[in-house]
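In case you want the letters, here they are:
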Amino acid sequence: MDRALDTRLDRPAERVHRAGLSPVRVASALALASWAGLFWFLIGSGRTSLYLSSRTDWVVPVGAIVLTAALAGRLLSLRTARPEALTRREALAIGLTILPVVTVLALPPASLGSFAADRRSSLASAGFSGDAGDISSGEVTLVDVASALRSGEGMQQLTKRAGAEVGFVGFVTRDPGMPADEFLLTRFLVSCCAADALSIQVRVVGAPPGRFEADQWVRAEGLLYPLGGEVIVDATLVEGVPRPDRPYLNS
Amino acid sequence: MVDLARPAPPRTGSWTNVLLLGGGLALAALVLRAIDPGRIAGLQNFFIIFGSLLIEAVPFIVMGAVVSAGIEVFVPARAFDRMAALPKPLQLPVAGIAGFAFPVCECGSVPVARRLAAKGLSPAAAVTFMLSAPILNPIVIASTYVAYRGRDTLWPMVLGRSFLGLMAAMAVGWVVAGRSSSEILRPRPDEEHHHESGPRWSSFAGHLAGDFLFMGRYLVIGAAAAALLQTFVPQSIIGSVADTPVLALVAMMGLAFVLSLCSESDAFVAASFVQFGVGAQLAFLVFGPMVDTKLGILYSATFSKGFFRMVVLVVGTVTLMGTLWIEVLVG
């Protein structure tokens, strides 16, 4: 063996071998890039509000920045003297990590609708006050209705506003056996993400029969009448509207 | 003769697998487009819940991975000697209360606890910290306060949750006390990749990516299971047991397991179950942050066989006993 080669063999392997791309590191960079890209996409497209409340949407820019920094670190260390092999099993596991990114990007933007309203909890009357003081004056909003629905005192305050003019935006849901000129105007209240959504519902009466389908977003204007544990809007105007930029209300 | 100037080549098929990965994902996108889940209400609901759970949890997982990689690369093993020098009866309470200083959800605390145990902290202390952090952190205490503000049960809920959470975490820590980290941690097949030579930042990047991908895959499975259950199991089915004393507590613990909510938001959901008493709502708030569908998957991947079953049993027992007492005292 010549002397030069002998000397090289005494050095650490990584100094002897020229660095090459590692398939494992390339695949992990792909996963980090996918997630970082998703968070930047959510920021750019404004779709965060389809998944998170305004109280927690700060996690999206934080996720975008941290994942981008992690990606930069991974990209700068893609090469190694001993490239690790990517097995089929590892490729599948990394693919599984990226799959949710594909689903969010490939599917059209949508928010929870009448299917969820049938299966999730709704706000119902209970023995605590919430922010009932806000209900007694000013414009009545769906958040006020939510406070009233979960508060005995709030419902009393709302009852004093019977006959007040209101305008609510929500989507249409129907109970079986409901008259054709009635529907439930529904909106979800979200604390952190859509997984903790609770529905708020008001019964709209006097709507044009058969004009509005389930899940259609509408604006209903009319007079408000709290009755028992239910809130009714005697409609003077019901019109279709586009889905709001923020489809969920925040508690 | 071998040309030593060339890099050692990866095994045959490695680059094919990278291509298969990219091709498979592109195919998945095409299939999703063709199915158009918007036409199928249940499928659309599933994807919204699935996406929202992950979009909220992934930043916490990656922050947990940053802390975990930082501990591995920058914190010397002797840093935990001071903790080990504490009298044994003090170690678990100190580890539990340390959760107060780590305001992340439960997903972020799992990789940190694993790294702490691997780095030399006693596994009992690491597990106690992992279980208490999602309940004792200030954001969770504040959100519980806001959710129950104005109710007669405000302080029993806020204080009871913190106290029972700490007790349950310490009970699990006490059960695993005496076990070594090799006995409690499950070996990770991908970990050999992370021992990357070179500068510290390169090693840090390797650990960060490794922890994120390892936790991420199990989080995806857990979020899918939780979204499936949320989509197809109506929440109204548990309402029928609201008046049955012990069954109501168990039902709310089961619901917390199924829903897999973030501990920072679960108080608002618990507060909506007004047909249930204070004990049952408290059971939901104590059990859920320590034991749920997605955590079950994460624990099973991180810890040795039997760990998850033990956590369910211990946390379940402490929660049940504690909430029964609180219901007797307050309810």
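Residues numbered from 1 in each chain as written. Chains lettered and ligands numbered in written order. Predicted model: local features only at pLDDT ≥ 70, side-chain atom pairs only at ≥ 80, totals over all residues.

### A word on the overall build of chain B
- Looking only at helices and strands, chain B features 15 helices and 0 strands.
- Rg of the C-alpha trace for chain B: 22 Å, near the compact-globule value of 20 Å for 331 residues, within the 12% margin.
- The dimensions of chain B, computed from C-alpha atoms along their principal axes, are 80 × 60 × 30 Å.
- Expressed as a percentage of the 331 residues in chain B, the buried residues total 54%.
- Across chain B, contacts joining residues at least 24 apart in sequence account for 84% of those joining residues at least 6 apart. (Helix = DSSP H or I, 4+ residues; strand = E, 2+ residues; numbered from the N terminus. Rg over C-alpha atoms; globule rule 2.2 N^0.38 Å. Buried ≥ 20, exposed ≤ 12 C-beta atoms within 10 Å, placed from the backbone. Contact = placed C-beta atoms within 7 Å.)

### Thoughts on the overall build of chain A
- The helix and strand inventory of chain A stands at 8 helices and 8 strands.
- Taking all 251 residues of chain A together, the buried fraction comes to 47%.
- Contacts in chain A between residues at least 24 apart in sequence constitute 71% of all its contacts with a sequence separation of at least 6.

### Considerations on helix 15 (residues 307–330) of chain B
Residues and elements named next belong to chain B.
- Taking 1.5 Å per residue, 24 residues should reach 34 Å; helix 15 reaches 33 Å between its end C-alpha atoms and fits that length.
- When we look at burial in helix 15, the residues that qualify are F307, V311, V314, V315, G316, V318, T319, G322, T323, I326 and E327.
- Considering only its buried residues, helix 15 is in contact with helix 8 (154–176), helix 9 (181–184), helix 11 (245–259), helix 13 (278–287) and helix 14 (293–302). (Expected span 1.5 Å × (residues − 1).)

### A short note on the interface of chain A and chain B
- With 77 residues of chain A in contact, the opposing surface of chain B contributes 71 residues.
- For the side of chain A that touches chain B, the secondary-structure elements that each account for two or more residues are helix 2 (13–16), helix 3 (23–45), helix 4 (59–76), helix 5 (88–106) and helix 6 (114–119) of chain A.
- No other element matches helix 5 of chain A, which puts 15 residues into the side of chain A that touches chain B.
- For the side of chain A that touches chain B, the class distribution of residues is 46 nonpolar, 20 polar and 11 charged. (Nonpolar A, V, L, I, M, F, W, Y, C, P; charged D, E, K, R; others polar.)

### Some thoughts on the pairing of strand 7 (residues 230–240) of chain A
All names here are of chain A.
- One ladder, built from 3 bridges, connects strand 5 (residues 198–205) with strand 7; its direction is parallel. Each bridged residue has a counterpart across the sheet, and for V204 the counterpart in strand 7 is V233.
- Sheet topology places strand 6 (residues 217–227) next to strand 7; 10 bridges connect them, and they run antiparallel. Following the sheet pairing, L224 is matched in strand 7 by V233.
- Hairpin remark: strand 6 followed by strand 7, antiparallel, with 2 residues in the connecting loop; positive phi at G228, about 60°. (Pairing = 2+ DSSP bridges.)

### Some words on the packing of helix 3 of chain A against helix 1 (residues 14–35) of chain B
- The interhelical angle for the contact between helix 3 of chain A and helix 1 of chain B, taken along N-to-C directions, is 15°, at an axis separation of 9 Å. Put simply, helix 3 of chain A runs roughly parallel to helix 1 of chain B. Handedness of the crossing formed by helix 3 of chain A with helix 1 of chain B: right-handed. Facing P23(A), V26(A) and A27(A) of helix 3 of chain A, the residues of helix 1 of chain B in contact are S14(B), W15(B), N17(B), V18(B) and L21(B).
- Considered class by class, the residues forming the contact of helix 3 of chain A with helix 1 of chain B number 6 nonpolar, 2 polar and no charged. (Axes fitted to C-alpha atoms, helices over the stretch in contact; angles between N-to-C directions. Parallel < 35°, antiparallel > 145°, perpendicular 65-115°, else oblique. Left-handed = near helix turned anticlockwise from the far one by under 90°.)

### Quick look at unusual backbone geometry
- Residues other than glycine seldom take positive phi values, yet D215(A) does so here, at roughly 75°.
- Within the secondary structure, D215(A) is located in the loop between strand 5 and strand 6.
- Unlike most non-glycine residues, S260(B) shows phi in positive territory, near 55°.
- Within the secondary structure layout, S260(B) lies in the loop between helix 11 and helix 12 (266–272).
- We classify S260(B) as buried; it has 28 C-beta atoms within 10 Å.

### Considering the domain arrangement of chain A
Residue and element names in this part refer to chain A.
- Taken domain by domain, chain A consists of domain 1 (3–106) and domain 2 (114–250).
- Across the boundary between the two partners, domain 1 contributes 9 residues, which contact 10 residues of domain 2.
- Taken together, the residues of the side of domain 1 that touches domain 2 sort by class into 3 nonpolar, 5 polar and 1 charged. (Domains from an automatic or database assignment.)

### Considering helix 7 (residues 142–149) of chain A
- By the criterion of burial, helix 7 of chain A is predominantly enclosed, with 7 of the 8 residues buried.
- Here helix 7 of chain A has its buried residues at L142(A), D144(A), V145(A), A146(A), S147(A), A148(A) and L149(A).

### Considerations on the packing of helix 6 (residues 123–136) of chain B against helix 8 of chain B
Residue and element names in this part refer to chain B.
- Following both chains from N to C, one finds helix 6 and helix 8 inclined at 160°, their axes separated by 8 Å at the closest point. If you check the angle between helix 6 and helix 8, you find them roughly antiparallel. For the pair helix 6 and helix 8, the crossing hand works out as right-handed. Contact residues: helix 6 offers P123, A124, A125, V127, T128, L131, S132, I135 and L136, while helix 8 offers R161, S162, G165, L166, A168, A169, M170, V172, G173 and V176.
- Residue composition of the contact of helix 6 with helix 8, by class: 13 nonpolar, 5 polar and 1 charged.

### Things to note about the pairing of strand 4 (residues 182–190) of chain A
Residues and elements named next belong to chain A.
- With 8 of its 9 residues buried, strand 4 lies for the most part within the structure.
- Sheet analysis places strand 3 (residues 165–173) next to strand 4, joined by 3 bridges and oriented antiparallel. In the strand pairing of strand 4, V172 is matched with L185.
- Of the pairings in the sheet, the one linking strand 4 to strand 5 comprises 8 bridges and is antiparallel in character. Looking at the pairing, R187 lines up with I200 of strand 5.
- Sheet topology places strand 4 next to strand 8 (residues 249–250); 2 bridges connect them, and they run parallel.

### Observations concerning the confidence of the model for chain A
- On average, residues of chain A score 85 in pLDDT, and 86% of them reach the 70 mark or higher.
- A low-confidence stretch, residues 1–16 of chain A (pLDDT under 50), is modelled with 10 contacts involving residues beyond four sequence positions or located in other chains. (pLDDT = per-residue confidence, 0-100.)

### As for the environment of V204(A)
Residue and element names in this part refer to chain A.
- Within the secondary structure, V204 is located in strand 5.
- Given 24 C-beta atoms within 10 Å, V204 falls into the buried group.
- Taking the C-alpha atoms as reference points, V204 and P83, separated by 121 residues in sequence, lie 65 Å from one another.
- With near-sequence residues (within four places) excluded, V204 lies in contact with E182, F183, L185, A220, V233, A235 and V238.

### As for the confidence of the model for chain B
Residue and element names in this part refer to chain B.
- Taken as a whole, chain B shows an average pLDDT of 85; of its residues, 91% reach a score of 70 or greater.
- Considering each helix and strand of chain B separately, the mean pLDDT is smallest for helix 3 (residues 81–85), with a value of 75, and largest for helix 8, with 95.
- With a pTM of 0.81, the predicted complex shows an ipTM of 0.87.

### Brief notes about the environment of D181(A)
- For D181(A), the position within the fold is in the loop between strand 3 and strand 4.
- On the basis of neighbour count, D181(A) is assigned to the partly exposed category, with 15 C-beta atoms found within 10 Å.

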